Amino acid sequence: ADVIAVTGSASGIGAAVASSLRAIGHEVIGVDLRDAEVCADLSAVDGRKAAVSGVLERSGELDGLVVCAGVGPHVPDPMMIVEVNYRGAIAVLDGLFPALRGAAVAVSSSASTMTKWAENPISRGEEAAALAEAGQYAGHLAYSWSKNALTVAVRQRVSQWGAAGVRLNTVAPGAVDTPLLQAGLGSRFGDAIRNYRAPISRHGRPDEIASLIRYLLGPDAGYIHGAQFLIDGGSDALLRPTEF
Ligand code: NAD
């Protein structure tokens, strides 16, 4: 059996990944705020260190890693979105990289494509000032910037990770029916989420994202490295048919 660490394992997509890996006999080390093998807060430097050391205490080597923990645009403090979705994710990827011998997948978002890196304040370390001026859109901007920065950071690691024989990819879901999406529907961004209609006219299911992640972790994906996979019911093609 493989040993695979999964952040965000207590809910939604991460929980679907963890349970589906366990169902095929793998050992999962879940990392989350609660209900996990390793309980740690990825929004803070100390919590990130605790997450990495907690995983390594349970297994010195990992066959796989899924970085899924994240918060949605609706949370009250937009800097929290950047800290968890971007800095927390990267700290876990980099912290566990030396122990990895298989593959890793980071859960980004279709929102990663809605910002260009050159226009992303995170690229200049200026996101706090930019968010202070963003008003009611701060949560959405922070979410898009955090996921854009995560995807860029993954792509920037292809040489180092490839040389070590460890594959690293992102999945970029559209709207997936999880507690995070439900919380967004109940927030002031509810109408914007409801109006986002994919050509496949329903929300994705966590198990549909989990099956792509399992494929990317496994031996059949041996030449896939540094790629981002949209899994969005066709929304990206609908919105930007000529850009890819
Ligand atoms: P979810 O809320 O069901 O699960 C997220 C998990 O992350 C929770 O268990 C939560 O406790 C954990 N988490 C949050 N903050 C944390 C912290 N500081 N430290 C440790 N763990 C923390 O949400 P989900 O929809 O399953 O989201 C999983 C990932 O998928 C996120 O990165 C999210 O941005 C991404 N995503 C979701 C959607 C969607 O529509 N649901 C779309 C695109 C991307």
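The structure we're discussing is the one just above.
On a predicted model such as this, the values are computed, not experimentally measured, just so you know.

Cut-off values and rules
- Residues numbered from 1 in each chain as written.
- Predicted model: local features only at pLDDT ≥ 70, side-chain atom pairs only at ≥ 80, totals over all residues.
- Heavy atoms only, no water.
- Helix = DSSP H or I, 4+ residues; strand = E, 2+ residues; numbered from the N terminus.
- Rg over C-alpha atoms; globule rule 2.2 N^0.38 Å.
- Buried < 20%, exposed > 50% of the residue type's maximum accessible area, 1.4 Å probe, protein only.
- Contact = heavy atoms within 4.5 Å.
- Areas by Shrake-Rupley, 256 points an atom, 1.4 Å probe, with all protein chains shown as cover.
- Lys, Arg positive; Asp, Glu negative; His and termini not counted.
- Charge placed at Lys NZ, Arg CZ, Asp CG, Glu CD.
- Expected span 1.5 Å × (residues − 1).
- Pairing = 2+ DSSP bridges.
- Near = heavy atom within 4 Å.
- Polar contact = N/O pair within 3.5 Å; in protein donor to acceptor, adjacent residues only side chain to side chain.
- Nonpolar A, V, L, I, M, F, W, Y, C, P; charged D, E, K, R; others polar.
- Salt bridge = Lys/Arg side-chain N within 4 Å of Asp/Glu carboxyl O.

### Some details on the overall build of the chain
And then number 1: Each helix and strand counted, the chain has 10 helices and 7 strands in total.
And then number 2: Taking 18 Å as the expected radius of gyration for a compact globule of 244 residues, we find that the chain reaches 17 Å, a close match to that expectation.
And then number 3: With the C-alpha coordinates aligned to their principal axes, the bounding extent of the chain is approximately 45 × 40 × 35 Å.
And then number 4: A burial count over the chain gives 52% of its 244 residues as buried.
And then number 5: Intrachain contacts of the chain at a sequence separation of at least 6 include 75% that bridge at least 24 residues.
And then number 6: When the accessible surface of the chain is split by element, carbon and sulfur atoms take 54% of a total near 11,300 Å².
And then number 7: Positive and negative charge centroids in the chain, built from 20 and 25 side chains respectively, lie 3 Å apart.

### Section: the environment of G218
And then number 1: Looking at the secondary structure, you find G218 in the loop between α9 (206–217) and β7 (228–231).
And then number 2: Once the C-alpha coordinates of G218 and V45 are considered, the two residues, 173 residues apart in sequence, prove to be 31 Å apart.

### A look at helix α5 (residues 138–155)
And then number 1: With 18 residues, α5 extends 26 Å from end C-alpha to end C-alpha; this agrees with the ideal 26 Å at 1.5 Å per step.
And then number 2: The element α5 is largely enclosed, with a buried count of 15 among its 18 residues.

### So, the pairing of strand β4 (residues 62–67)
And then number 1: Extensive coverage of β4 is indicated by the burial of 6 of its 6 residues.
And then number 2: In the sheet, strand β1 (residues 3–7) pairs with β4 via 4 bridges, with the strands oriented parallel. Bridge pairing in β4 places T7 opposite V67.
And then number 3: As paired elements, β4 and strand β5 (residues 100–107) share 5 bridges and run parallel to each other.

### A short note on the environment of L100
And then number 1: Inspection of the secondary structure puts L100 in strand β5.
And then number 2: With relative accessibility at 7%, the residue L100 sits in the buried group.
And then number 3: In sequence terms L100 and A164 are 64 residues apart; their C-alpha atoms lie 9.1 Å from each other.

### Observations concerning the site of the ligand
And then number 1: Residues in close proximity to the ligand total 30 residues, the closest being S11, I13, D32, Y143 and T178.
And then number 2: Contact between the ligand and L42: a nitrogen atom at 2.9 Å from a main-chain N or O atom of the residue.
And then number 3: For the ligand, an oxygen atom lies 3.5 Å from a polar atom in the backbone of G70.
And then number 4: Look at the ligand: alone it shows 830 Å² of surface, and the protein chains cover 94% of it.
And then number 5: Of all the elements in the fold, those that place two or more residues in the shell around the ligand are α1 (12–23), α5 and α7 (179–185).
And then number 6: Broken down by element, the shell around the ligand gets its largest block of residues, 3 residues, from α7.
And then number 7: The residue inventory of the shell around the ligand, partitioned by class, reads 17 nonpolar, 9 polar and 4 charged.

### Observations regarding the pattern of salt bridges
And then number 1: Counted according to the given criterion, the structure contains 15 salt bridges.
And then number 2: Here R101 ties to D63 by a salt bridge, and the two come within 2.9 Å at their closest N and O atoms. Here R101 is found in strand β5, whereas its partner D63 is found in strand β4, with 38 residues between them in sequence.
And then number 3: Residue D63 is classed as buried on the basis of its relative accessible area of 17%.
And then number 4: Between R157 and D94 there is a salt bridge, and its shortest N-O distance comes to 2.8 Å. Here D94 lies in helix α3 (residues 78–96) and R157 lies in the loop between α5 and α6 (158–163), a separation of 63 residues in the sequence.
And then number 5: On the basis of relative accessibility, which here comes to 15%, the residue R157 falls in the buried class.
And then number 6: A relative accessible area of 33% places D94 in the partly exposed class.

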